[in-house]
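The primary structure of each chain is shown beneath.
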Amino acid sequence: MYKAVEVLGLTKWYGSILAVDHLNFEIQEGEIFGFLGPNGAGKTTTIKMLIGLVKPSEGTAKIFGFDIMKEARDAKKNIGIVWEESNIYPELSAWENLMFSGEIYHVGKKERQARATELLEKFGLYDRRNDKVGGFSKGVTYSTTEVGSFVGSSPSPLQAGLLSPARRDVALLAIFTEAL
Ligand SMILES: Nc1ncnc2c1ncn2[C@@H]1O[C@H](COP(=O)(O)OP(=O)(O)OP(=O)(O)O)[C@@H](O)[C@H]1O
Ligand SMILES: [Mg+2]
């Protein structure tokens, strides 16, 4: 069993604001992990550090053993993100979106087709693969977005995504792996 995520003293100062204060936690491969907290607690800042959008002030984290500071490229290859607002293209079909996700992560054609087929079947979306995403319900759009983040990740990926459009006072972030 791998440690999918290991957060080690992760800290972020925005000027004089301490957004994340020496955070430590671990997520095992295959584990579903809910990361909850009140508004302003530092959830988004933490996720942005894990995916390389924000540089930590102190501490680090490892994604499947890859240090986000020293091995940023490998760490990024092993993490996918689904934001609350889906970044999927409504005018394209589900299949076209998935091929695009794979392509921008340099996943070869055969591999991205195989991954997309398997994942669409797993998520019960295969029959809708040629439909435009613009006509999907919110839940199906999210599922398609999640599949897209899997298609774009390494074979043993960590995926970070909102499993449901939880727009409440706390945001639910579920981090899960392909072992689901
Ligand atoms: N770019 C930024 N510049 C300055 N301060 C920031 C910036 N981003 C976040 N902060 C501050 O850092 C703290 C943590 O914010 P963050 O957005 O990480 O919280 P959150 O847990 O995601 O909150 P929410 O539940 O409201 O989404 C807050 O005090 C916020 O105002
Ligand atoms: Mg937030």
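This is a predicted model, so every value here is computed, not measured.

### Digging into the packing of helix H3 (residues 94–104) against helix H4 (residues 109–122)
At step 1: Closest axis-to-axis distance for the H3/H4 pair is 9 Å, and the angle between their directions is 135°. The angle between H3 and H4 places the two elements in the oblique class. Judged by the twist between their axes, the crossing of H3 over H4 is right-handed. Seen from H3, the contacting residues are Trp 95, Leu 98, Met 99, Gly 102 and Glu 103; seen from H4, they are Arg 112, Arg 115 and Ala 116.
At step 2: Partitioned by chemical class, the residues of the contact of H3 with H4 number 4 nonpolar, 1 polar and 3 charged.

### Thoughts on the environment of Val 147
At step 1: For Val 147, the location among the structural elements is in helix H5 (residues 138–151).
At step 2: What makes Val 147 buried here is the crowd of 26 C-beta atoms within 10 Å.
At step 3: In sequence terms Val 147 and Ala 116 are 31 residues apart; their C-alpha atoms lie 7.3 Å from each other.
At step 4: Setting aside residues no more than four positions away along its own chain, Val 147 makes contact with Leu 98, Leu 119, Leu 120, Phe 123 and Leu 125.

### Observations concerning the packing of H3 against H5
At step 1: Contact geometry of H3 with H5 gives a least axis separation of 8 Å together with a crossing angle of 30°. Comparing their axes, H5 and H3 come out roughly parallel. Both H3 and H5 take part in a crossing whose hand is right-handed. For the pair H3 and H5, contact is made by Ala 94, Asn 97, Leu 98, Ser 101 and Gly 102 and by Thr 144, Val 147, Gly 148 and Val 151, respectively.
At step 2: Looking at side-chain class alone, the contact of H3 with H5 contains 4 nonpolar, 5 polar and no charged residues.

What counts, and where the lines are drawn
- Residue indices follow the written sequence of each chain, beginning from 1 at its first position.
- Whichever chain is written first is A, and whichever ligand is written first is 1; the rest continue in order.
- Restriction of local features to residues with pLDDT of at least 70 applies here, the model being predicted, together with a cutoff of 80 or more for giving and counting side-chain atom pairs; totals for whole chains, interfaces and linings are based on all residues.
- Lines are fitted to the C-alpha atoms to define the axes, a helix being fitted only along its stretch in contact, and any angle between axes, read from their N-to-C directions, falls within 0 to 180 degrees.
- Put simply, DSSP H or I for four residues or longer makes a helix, DSSP E for two residues or longer makes a strand, and each gets a number counted from the N terminus.
- Roughly parallel means an angle under 35 degrees; roughly antiparallel, over 145; roughly perpendicular, 65 to 115; everything else is oblique.
- If you view the pair so one helix is near and one far, a crossing is left-handed when the near helix is turned anticlockwise from the far one by less than a right angle, and right-handed when it is turned clockwise.
- Residues are defined as contacting one another if the C-beta atoms placed from their backbone atoms lie within 7 Å.
- In this classification, Asp, Glu, Lys and Arg are treated as charged, Ala, Val, Leu, Ile, Met, Phe, Trp, Tyr, Cys and Pro as nonpolar, and every other residue, Gly included, as polar.
- Counting other C-beta atoms within 10 Å of a residue's own tells you its class, since 20 or more makes it buried, 12 or fewer makes it exposed, and anything in between is partly exposed; those C-beta atoms are placed from the backbone.

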